[in-house]
Every structure is written in structure tokens, then in C-alpha cells.
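# Breakdown of the fold
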Amino acid sequence: SLYGGHKNYTSYASDETAVIEAYNSMNTYGNHTFSVADGAAPVDLKITGGMAGSTTSYTISKTGAGTMQITSSSSVDFKTFALSAGRLLADTAPGSALGKMPITVAGGATLGGTGFIGGVSGYTSANVSVAGASGNPAVVAPGTVDPVTGDHVIGTLTVGSGAQANNVTFGANSALKIGFDTNGNCDKLAVNGTLSLDAATDKLVLDIADYAALKAGTYTLATFTALATPGTVFDVVEKPTSGTLQYTATSIEYVVHPKTTVLVVK
């Protein structure tokens, strides 16, 4: 276990993944920073040990252009977890990857993973807020990365649960990015709580490399208990001209229509 004044963690650029296996008891008399450089490894820093500590005075930050992955559940309860650069993958099994804290995603940063944020009874503050700047969006991109090849792995990022509702807010210059494969699968954001789409510059990006190869059907991009403002939608949408985007009371879906055959008779 790591105890005491461990406030700053630096992961240098490398072709191998740096790993913190120790359980980390974060001290509560200062801010903590994970500075992660972008090396050749698909994951630059991997946290397999949990984190704990409670203070309303200080923050935990992830900086640097590299990818940080958390695979352990945590109970840490600081003022906020600020994702300011690079990518953070919440890949924990049930149990909150980031503990009880509110999570903020800033311009130039991406939050992803196939694990869980919040969702533990009493973790009422573990909400996600996403807001960037013009030309520098803040992104939520569910799914993770293959640790060997670096390829995108389709998956669901879950916020909240039946035991504890937690919310996601897409603010100005934010984006939800959903990847697709050709086997009928896509990424999904599952919000067991309220989804807010109230900003004028929030964007939905459908990352489809080959629309013609997609299987026909309905792809669920996001689910939620309710919209903060019923009837709101993403203001900007990047998708192929084919296919239909539709909103229900508790989901956002993309419908790929069956391919048609045109018979020309001369």
C-alpha cells in the first residue's frame, strides 16, 4: 500500500505499460496529479490497486496526452476528479472506478472504458460533467483499447446503477463518440440517472468506418432514466447520410435500414 505524501505520479513515454498495483491511500492535505505521457504502448499507465481518502478541499487530476486505465474499484472522495488531457479508461468491474467524486472532462480530454462510474449506494456526487472549448471538445467515448494491438474494443460505459443514480451532463463543446463494428455491435453510454443535453454546442459522433458493411437493425447508442429537459437532442450530429437517428423517452438509437435492390427493366 502507498500512504503519506504521494501527491504526484509521473508516467514517462514508453513502449511498455507502467502499472501501479499498490492500494493507494491518498493523503487529504493537497491536490494529487497523475501526469501521463503518450508513449508507444496502447495503455501508458494502468491502475490495478484501489484508491481511498476523503476531503472536500482538494482535487485529483489526470494530465498529459497519454492513456490511463483504472481496473480497480475505489472509494476515494475528493472535491473532484478533473480529466484535463489525454484519455482515461474506467475499466473496473462493478464498483466505482473513480469513487465518490464528481468527474469533469475538459477540452482535449476523453473519458472512456467498459466499466462503472458511481453506482454505489451513497455515491451521490459521482456525476459526470463534460465541457470543452471551441475547436477543442471534451469527449465521452465508451469502449476500451486492446492492450496489445491498440485497436478499439466495443463496449458499454455505465454511470450509476439501480442502487445509486448518477447523472451525465454534456455541456458546451462536448461530444459523445460511438464506435461501430461490422458484426452488429456499437459502443453505448448507459446512464442510470439523468442525461442532460442542454448546451447549444453538444455533438454526437458516430464513428462508422464502412456504413455499407453494417448489418441492418437498431443500434442503441445511449440509455438513461430520463432527460433533464424532455425533448432535447444533440445539436450537432456527425453520421453517414444514410440511417436514421431517433430518440425515445429513455434512449438514443440509430437505425440502419435494410439494403434494397433496384431492378431495372429495359
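Everything here concerns the structure above.
Below is a summary of the structure that appears in this document.

### Some thoughts on the pairing of strand E25 (residues 244-247)
A regular strand places its side chains so that they alternate between the two faces of the sheet. Examined bridge by bridge, E25 and strand E26 (residues 251-256) share four bridges and lie antiparallel to one another. Paired with Leu245 across the strands is Tyr254, a residue of E26. Here E25 hands over to E26 after three residues, the two strands then running antiparallel side by side.

### Some details on the side chain of Asn166
Tracing the backbone shows Asn166 in the loop between strand E18 (156-159) and strand E19 (168-170). Classification of Asn166 by relative accessible area gives buried; the value is 0%.

### A closer look at the packing of aromatic side chains
Per the counting criterion, the structure on display carries four aromatic pairs. With 4.6 Å between their ring centres and 15 degrees between their planes, Tyr9 and Phe34 make a pair best called stacked. Here Phe34 lies in strand E4 (residues 32-36) and Tyr9 lies in strand E1 (residues 8-11), a separation of 25 residues in the sequence. Here Tyr9 and Phe34 have matching classes, each one buried. Here Phe180 and Tyr254 contribute two aromatic rings whose centre-to-centre distance is 6.0 Å and whose plane-to-plane angle is 75 degrees, an arrangement assigned as edge-to-face. Of this pair, Phe180 sits in the loop between strand E20 (174-179) and strand E21 (188-196) while Tyr254 is found in strand E26, placing the two residues 74 residues apart along the sequence. Taken as a pair, Phe180 and Tyr254 share a single burial class, namely buried. Taken together, Phe180, Tyr219 and Tyr254 form an aromatic cluster joined through their ring pairs.

Criteria and thresholds
- Numbering of residues starts from 1 in each chain and follows the order in which that chain's sequence is written.
- Note on the predicted model: pLDDT of at least 70 is required for a residue's local features to be given, and 80 or more for side-chain atom pairs to be given and counted; whole-chain, interface and lining totals, by contrast, use all residues.
- Side-chain numbers here rest on the full set of heavy atoms in the structure, without hydrogens or water.
- In short, DSSP must find at least two bridges between two strands for them to pair.
- Each helix corresponds to a stretch of at least 4 residues labelled H or I by DSSP, and each strand to a stretch of at least 2 residues labelled E; elements are numbered beginning at the N terminus.
- Only protein chains enter the accessibility calculation, which uses a 1.4 Å probe. A residue is then buried if its area is under 20% of the maximum for its type, exposed if over 50%, and partly exposed in between.
- Ring geometry is summarised as follows: Phe, Tyr and Trp rings, the Trp one being its six-membered ring, pair when their centres sit within 6.5 Å, and such pairs are stacked at plane angles under 30 degrees, edge-to-face over 60 and tilted between the two.

Honestly, it's all geometry; don't read function into it.
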